[in-house]
Amino acid sequence: MDHNKLALPVGTTLDRFIMRKQEDFPYATGELSQLLRDIALAAKIVNREINRSGLIDIAGAYGSQNVQGEDQQKLDVIANIRFIRALRNGGEVCTIISEEDDEMIQTGNNQGKYVVAIDPLDGSSNIDVNVSIGTIFSIYRRVSPTGREGTAADCLQPGTHQVAAGYVIYGSSTMMVYTTGNGVNGFTYEHSLGEFFLSHPDIITPQTGAIYSINEGSSDSFSPGVAAFVQYCKDQQFSARYIGSLVADFHRNLLKGGIYVYPATAKNKSGKLRLMYECNPLAFIVEQAGGKSSNGTRRTMEIEPQIPHERCPFFIGSKELVEKAESFIANDKEACDHKPAPEPTPKKATTVK
Ligand code: AHG
Ligand code: MN
Ligand code: MN
């Protein structure tokens, strides 16, 4: 009898994987590893809240709007608190910028070497209808000296400066996918053990694909180039797939090959998605997986951010498809002009106990 068949190995846990990767960097002090573990812990808690949201009173609207004028859901607020608390208690992060907060959040860890940009819950409109939602995060090393609070310069670095980025997808299974600039790895959550296990090692995205993901409800206000690219996808008989949760649409295309587009529209003149919380982290991941990300004319990660909540048009996915989209919009100024949104009126930041 083969004993291994009686008791199959469970595989590599996220914690062990992070530890092993740390050994690849001889002078690494372990702070980034700890930070990633803090994020994974918060993700497990948020996953628990999401799973039982239909049973307790945490579904639905919170009754307020975030700085971008969008209705906040209770789970947006809960996820924001969970991630801020985990990062503050971890001690490695001096400052956080969050899609749900108007201002920078100072954690009080002035010795912390890192800053984090986070979309605590992505796909809010899908929370109440049991469709996949996510968390997206991005980690930068601070540029200001330690010993004092993080600054705007620490938080407003271009995506090329990211030291790590990732997302969690709360879907048919819950996964965490991340990169530290040395490939992309995906981990699936095992509920009964309470651990993420390596399930998708060294993710490489197909160079091309046959899926396009765009909200065609806004097609009346697409620029001529974007409209022509969508027509190209139809002519090629691509499949249209659009859930309305960026993480889920991105994750599918990353694994299967395809392109996700959120262009400038009449309603969202600079596109809808946020450079710091959504576009840059996914751009880092897609590039590490062999794909491409751009605002139509420029590599996403080279855009110099002006404000934390800045938006930009977003074309991301298989390299050939993003290049094809860029070729359609090359003369299409309207689709690619990068105009940061005006500075919003500052309100106060979340206080987490
Ligand atoms: P968030 O829930 O973090 O505000 O993000 C919602 C985003 C993104 O997840 C999704 O791809 C996009 O909004 C959908 O927008 P449309 O409804 O305009 O297509
Ligand atoms: Mn989002
Ligand atoms: Mn969000």
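Calculation criteria
- Residues numbered from 1 in each chain as written.
- Chains lettered and ligands numbered in written order.
- Predicted model: local features only at pLDDT ≥ 70, side-chain atom pairs only at ≥ 80, totals over all residues.
- Heavy atoms only, no water.
- Helix = DSSP H or I, 4+ residues; strand = E, 2+ residues; numbered from the N terminus.
- Rg over C-alpha atoms; globule rule 2.2 N^0.38 Å.
- Contact = heavy atoms within 4.5 Å.
- Areas by Shrake-Rupley, 256 points an atom, 1.4 Å probe, with all protein chains shown as cover.
- Lys, Arg positive; Asp, Glu negative; His and termini not counted.
- Charge placed at Lys NZ, Arg CZ, Asp CG, Glu CD.
- Salt bridge = Lys/Arg side-chain N within 4 Å of Asp/Glu carboxyl O.
- Buried < 20%, exposed > 50% of the residue type's maximum accessible area, 1.4 Å probe, protein only.
- 1 Å grid on protein atoms, 1.4 Å probe; cavity = no way out; pocket = protein on both sides within 12 Å on 5 of 7 lines; lining within 4 Å.
- Points joined across faces, edges and corners; volume = space filled by probe spheres on them.
- Nonpolar A, V, L, I, M, F, W, Y, C, P; charged D, E, K, R; others polar.
- Domains from an automatic or database assignment.
- Donors = N, O, S within 2.8 Å, 3.2 Å for Na, K, Ca; no water.
- Buried area = accessible area lost by both parts, 1.4 Å probe.

Draft legend 1. Spotlight on the overall build of the protein chain. Along the backbone of the protein chain there are 10 helices and 15 strands. In terms of overall dimensions, the protein chain is globule-like: its C-alpha atoms have a radius of gyration of 20 Å, near the 20 Å expected for 353 residues. Expressed as lengths along the three principal axes of its C-alpha atoms, the size of the protein chain is roughly 60 × 55 × 45 Å. For the protein chain, restricting intrachain contacts to residue pairs at least 6 apart in sequence, the fraction spanning at least 24 positions comes to 65%. On the protein chain, roughly 15,500 Å² of surface is accessible, and the fraction owed to carbon and sulfur atoms is 49%. For the protein chain, the separation between the mean place of its 35 positive charges and that of its 41 negative charges on side chains is 2 Å.

Draft legend 2. Structural context of the pattern of salt bridges. Taken as a whole, this structure holds 12 salt bridges when the rule is applied. Note that Lys-234 and Glu-216 form a salt bridge whose closest N and O atoms lie 3.1 Å from each other. Taken together, the residues span a long stretch of sequence, with Lys-234 in helix α6 (residues 224-235) and Glu-216 in the loop between β11 (211-213) and α6 at a distance of 18 residues. Two residues, Glu-323 and Lys-319, come together in a salt bridge whose shortest N-O distance is 3.4 Å. Of the two residues, Glu-323 and Lys-319 both sit in helix α9 (residues 319-328), 4 residues apart, roughly one turn of that helix. Given a relative accessible area of 33%, Lys-319 falls into the partly exposed group.

Draft legend 3. The layout of surface pockets, seen in detail. When its volume is computed, the largest pocket comes out at roughly 580 Å³. Forming the walls of the largest pocket are 29 residues, and the residues nearest its centre are Glu-70, Ser-124, Ser-125, Lys-272 and Arg-274. Counting only elements with at least two residues in the lining of the largest pocket, the list comes to β2 (71-73), β5 (114-122) and β13 (259-262). If you tally residues by element for the lining of the largest pocket, the top one is β5, at 3 residues. Residues of the lining of the largest pocket, tallied by class, amount to 6 nonpolar, 11 polar and 12 charged. Counting residues domain by domain, the lining of the largest pocket receives three or more from each of domain 1 (11-200) and domain 2 (211-336).

Draft legend 4. Local environment of the coordination of the manganese ion (ligand 3). Bound to the manganese ion (ligand 3) are the protein donor atoms Glu-99 (OE), Asp-119 (OD) and Leu-121 (O), situated 2.1 to 2.3 Å from the metal. Here Glu-99 falls in the buried class, since its relative accessible area comes to 4%. Residue classification places Leu-121 among the buried residues on the basis of a relative accessible area of 1%.

Draft legend 5. Highlighting the coordination of the manganese ion (ligand 2). The protein atoms that coordinate the manganese ion (ligand 2) are Asp-119 (OD), Asp-122 (OD) and Glu-278 (OE), at distances spanning 1.9 to 2.1 Å. Spacing between the donor residues of the manganese ion (ligand 2) along the chain follows D-x2-D-x155-E. A separation of 3.8 Å is found between the manganese ion (ligand 2) and the manganese ion (ligand 3), both of which receive a donor from Asp-119. Remark: Glu-278 occurs in helix α8 (residues 275-288) and Asp-122 occurs in strand β5; sequence separation between them is 156 residues.

Draft legend 6. Focus on the domain arrangement of the protein chain. By the assigned domains, the protein chain splits into domain 1 (11-200) and domain 2 (211-336). The centre of domain 1, based on its C-alpha atoms, is set 23 Å off from the matching centre of domain 2. Listed as interface residues are 47 residues of domain 1 and, on the opposing side, 33 residues of domain 2. Buried surface at the junction of domain 1 and domain 2, both sides included, amounts to about 2,800 Å², of which 65% is carbon and sulfur.

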